[in-house]
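# Observations on the model geometry
Next come the chains, spelled out residue by residue.
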Amino acid sequence: MISSIAFIIVAVVGIGLFIWQIRKIAQNINMGRDKEISGNVSQRINTLLLVAFGQQKMFKRPLPAVLHLFVYVGFLVINVELIEILIDGTFGTHRVLGVLGPVYSVLMAINEILGLLVIIACVIFLVRRNVTKVPRLTNGAEMRAWPKLDANIILVTEIVLMLALFAFNIADQKLTQLGGLHLVGAFPVTSGLVDLFGSDVQTLKIIAAVGWWVHIVGILAFMNYLPSSKHFHIIMSFPNVYYSKLEPKGQFSNVESITHEIKAMLDPSYQVPPAPEGADPQKFGAKDVEDLTWKQLMDSYTCTECGRCTSVCPANITGKLLSPRKIVMDTRDRLEEKGHSPIIFAPARYQQESERVNATDEKTLLRGYITPEELWACTTCNACVESCPVNINQLSTIIDLRRFLVLEESAAPAALNAMFNNIENNGAPWAFSPSDRFNWADDLFMVSKN
């Protein structure tokens with residue numbers, strides 16, 4: 001009875017804290033501008049199944065894709081056992097789903113095999129990050145102490161959770177044998193290790209209890225750690241992929257007010273729709289997080305920090321400052337700095353202001369976190385968008401920040417400003433009158449005749 005009460009308290013606190021964090025994150029995302037994303041439901045569901053559930057983009061790199069698949073499938077399937085733990089913990093039962101018979105045996109067998117594969121995959125991931133040091137996982141100004149530590153915490157935690165589950169299964173099997181019974185279920189990994197902890201009943205009971213509690217409390221703690229971590233993508237990737245851009249990647253959005261002005265210039269009879277009464281003048285582009293759309297802010301919470309976007313960015317490869325991963329991570333950090341800070345472990349993730357690249361007293365996303373030099377290095381090739389395994393659109397944020405520089409501050413590079421002036425005055429990027437465009441052909445007939 002006491003154990004059940006303790007479990008219920010722990011579960012309610014853990015789940016309650018997680019819901020509180022999710023609500024705060026939702027408030028942060030809703031700080032962004034409204035953006036209508038609807039329709040094409042069948043296409044969106046198809047994209048969700050292929051990219052989010054099917055891990056389609058991950059398999060462009062086969063080795064990490066297979067290892068990630070072990071962890072991903074393990075996460076989904078092993079959580080079936082979480083249902084049993086919640087029931088057992090609440091009502092004081094023991095392996096209540098054993099009534100499923102052969103189905104339960106299959107589930108337990110799959111759980112143990114996947115648990116072992118998760119441990120193997122996590123060990124290999126730790127080696128890749130800390131021994132071989134794969135460049136895309138470790139290089140970059142944005143991969144500070146916290147992102148590196150965060151990745152290791154996740155991997156070690158997953159290993160501990162699996163080992164705790166195995167310890168519980170081993171002790172439980174031995175206790176059942178000592179009682180002259182057969183434990184319901186199939187345990188292909190731990191069945192050969194039943195003598196690992198000896199035959200002392202009291203010791204086995206302690207090990208089984210510790211393994212069970214470490215596993216469930218670890219899951220609840222890990223669940224509340226997720227919003228502080230890059231691992232939050234295991235939740236956010238599904239809505240983010242569903243609402244991802246379906247139009248061609250090279251198709252940019254238009255500024256509605258500018259579109260109306262151009263239509264009026266081309267057609268004098270066109271009536272520009274009046275702005276809503278009492279509405280503030282529309283800002284061109286984005287200077288801070290509230291100028292971005294809610295989808296762009298959702299992108300920032302979905303980033304896996306895997307570095308695939310940065311590793312294929314031609315600007316980054318040639319040594320320029322631009323890192324698409326940094327753009328997304330900076331957006332997230334600024335969003336939490338300006339909005340609600342729901343993250344229990346938030347202080348560990350943030351840089352000190354003095355560490356910001358080109359930090360200024362003006363605390364905005366533009367210049368306070370992201371420099372114009374980074375933005376103008378972008379070639380708008382969409383390589384980052386194509387490579388992202390969770391369909392983040394890094395380019396849309398870059399373009400909106402550049403729009404603010406151009407349309408609000410006229411702060412484009414000199415060469416671009418000259419081109420803009422020429423287009424405005426001459427109708428073309430070149431610095432001469434349209435009437436002089438064919439002057440080069442004046443002597444063409446004479447030259448060909450000679």
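Here the structure is a predicted model, which is why all the values come from computation and not from measurement.

Conventions and cut-offs
- Residues numbered from 1 in each chain as written.
- Predicted model: local features only at pLDDT ≥ 70, side-chain atom pairs only at ≥ 80, totals over all residues.
- Heavy atoms only, no water.
- Helix = DSSP H or I, 4+ residues; strand = E, 2+ residues; numbered from the N terminus.
- Buried < 20%, exposed > 50% of the residue type's maximum accessible area, 1.4 Å probe, protein only.
- Areas by Shrake-Rupley, 256 points an atom, 1.4 Å probe, with all protein chains shown as cover.
- Lys, Arg positive; Asp, Glu negative; His and termini not counted.
- Charge placed at Lys NZ, Arg CZ, Asp CG, Glu CD.
- Salt bridge = Lys/Arg side-chain N within 4 Å of Asp/Glu carboxyl O.
- Phe/Tyr/Trp six-rings, centres within 6.5 Å; stacked < 30°, edge-to-face > 60°.
- UniProt positions renumbered as here; feature names shortened; annotations may be inferred.
- pLDDT = per-residue confidence, 0-100.
- Contact = heavy atoms within 4.5 Å.
- Arc of directions from axis to C-beta.
- Polar contact = N/O pair within 3.5 Å; in protein donor to acceptor, adjacent residues only side chain to side chain.
- Patch = residues over 30% accessible without salt bridge, like charges linked within 9 Å, V, L, I, M, F, W, Y side chains within 5 Å.
- Disulfide = S-S within 2.5 Å.

## Structural notes on the overall build of the protein chain
A tally of helices and strands in the protein chain yields 20 helices and 0 strands. Taking the principal axes of the C-alpha coordinates as reference, the protein chain spans close to 110 × 60 × 45 Å. Relative to its 450 residues, the protein chain shows a buried fraction of 44%. A total accessible area of about 23,000 Å² is found for the protein chain, and carbon and sulfur atoms account for 65% of it. For the protein chain, the distance from the average site of its 39 positive side-chain charges to the average site of its 41 negative ones is 5 Å.

## Things to note about the pattern of salt bridges
Summed over all chains, the structure comprises 17 salt bridges. Among the ionic pairs, Lys60 bridges to Glu386, the shortest N-O distance being 2.9 Å. Remark: Glu386 occurs in helix α17 (residues 383–387) and Lys60 occurs in the loop between α2 (41–53) and α3 (62–91); sequence separation between them is 326 residues. Ionic pairing is found between Asp330 and Lys326, a salt bridge with its closest N-O pair at 2.5 Å. Of the two residues, Asp330 and Lys326 are both situated in helix α13 (residues 324–338); the distance of 4 residues between them amounts to about one turn of the helix.

## Some remarks on the packing of aromatic side chains
One pass over the structure, following the stated rule, counts 8 aromatic pairs. Centre to centre, the rings of Phe53 and Phe238 are 4.7 Å apart; their planes meet at 40°, and the pair counts as tilted. Taken as a pair, Phe53 in helix α2 and Phe238 in helix α8 (residues 233–242) lie far apart in primary sequence, 185 residues in all. Centroid distance Trp212 to Trp213: 5.2 Å. Interplanar angle 80°. Geometry classified as edge-to-face.

## Examining the UniProt feature "transmembrane region" (unreviewed entry) in the protein chain
Sites flagged by UniProt as "transmembrane region" (unreviewed entry) map to residues 6–23, 65–87, 107–128, 149–171 and 206–226. Taken end to end, residues 6–23 comprises 100% helix and 0% strand; its first and last C-alpha atoms sit 26 Å apart. End C-alpha to end C-alpha, residues 206–226 measures 29 Å, and it is 95% helix and 0% strand.

## Some points on the confidence of the model for the protein chain
Confidence along the protein chain averages 88 in pLDDT terms, with 93% of residues attaining 70 or more. Every residue in residues 356–361 is under pLDDT 50, and counting partners more than four places away or in other chains gives 17 contacts.

## A word on α2
Every buried residue of α2 is accounted for by Arg44, Thr47, Leu48, Val51 and Ala52. Down the axis of α2, the sector holding all buried residues measures 105°, keeping them to one side. In this structure, the buried residues of α2 make contact with α3 and α8. Positive backbone phi, approximately 55°, marks Gln55, located one or two places after α2.

## Some points on the side chain of Glu142
Checked against the element boundaries, Glu142 lands in the loop between α5 (135–138) and α6 (145–178). One polar contact links Glu142 to Arg325, side chain to side chain, over a distance of 2.8 Å. In this structure, Glu142 is in contact with Pro147, Thr310, Ser323, Arg325, Lys326 and Met329, ignoring residues within four places of it in sequence.

## Let's talk about the environment of Gly74
Tracing the backbone through its elements, the reader meets Gly74 in helix α3. Taking the C-alpha atoms as reference points, Gly74 and Lys326, separated by 252 residues in sequence, lie 30 Å from one another. In this structure Gly74 touches Leu69, Asn79, Leu114 and Val118, once residues within four positions along its chain are discounted.

## Quick notes on a nonpolar patch on the surface
A cluster of nonpolar residues, Met1, Ile5, Ile9, Val13, Leu17 and Trp20, forms a patch on the protein surface that exposes about 620 Å² of accessible area. Tracing the backbone through its elements, the reader meets Met1 in the segment before α1 (2–29).

## Concerning unusual backbone geometry
Even without being glycine, Arg95 reaches a positive phi, approximately 50°. Inspection of the secondary structure puts Arg95 in the loop between α3 and α4 (102–130). Residue classification places Arg95 among the buried residues on the basis of a relative accessible area of 7%. Within the chain, Asn382 stands out as a residue other than glycine whose phi angle is a positive 70°.

## Describing the environment of Leu69
Among the structural elements, Leu69 can be located in helix α3. Note on Leu69: relative accessible area 31%, which makes it partly exposed.

## Some details on the state of the cysteines
Under the defined criterion, the tally for this structure stands at 0 disulfides. Sulfur of Cys309: no disulfide; nearest cysteine sulfur belongs to Cys303 and is 6.3 Å away. In this structure Cys309 comes out as buried when scored by relative accessible area, which is 7%. Cysteine Cys381 shares no disulfide, and the gap to the nearest cysteine sulfur, in Cys313, comes to 6.3 Å.

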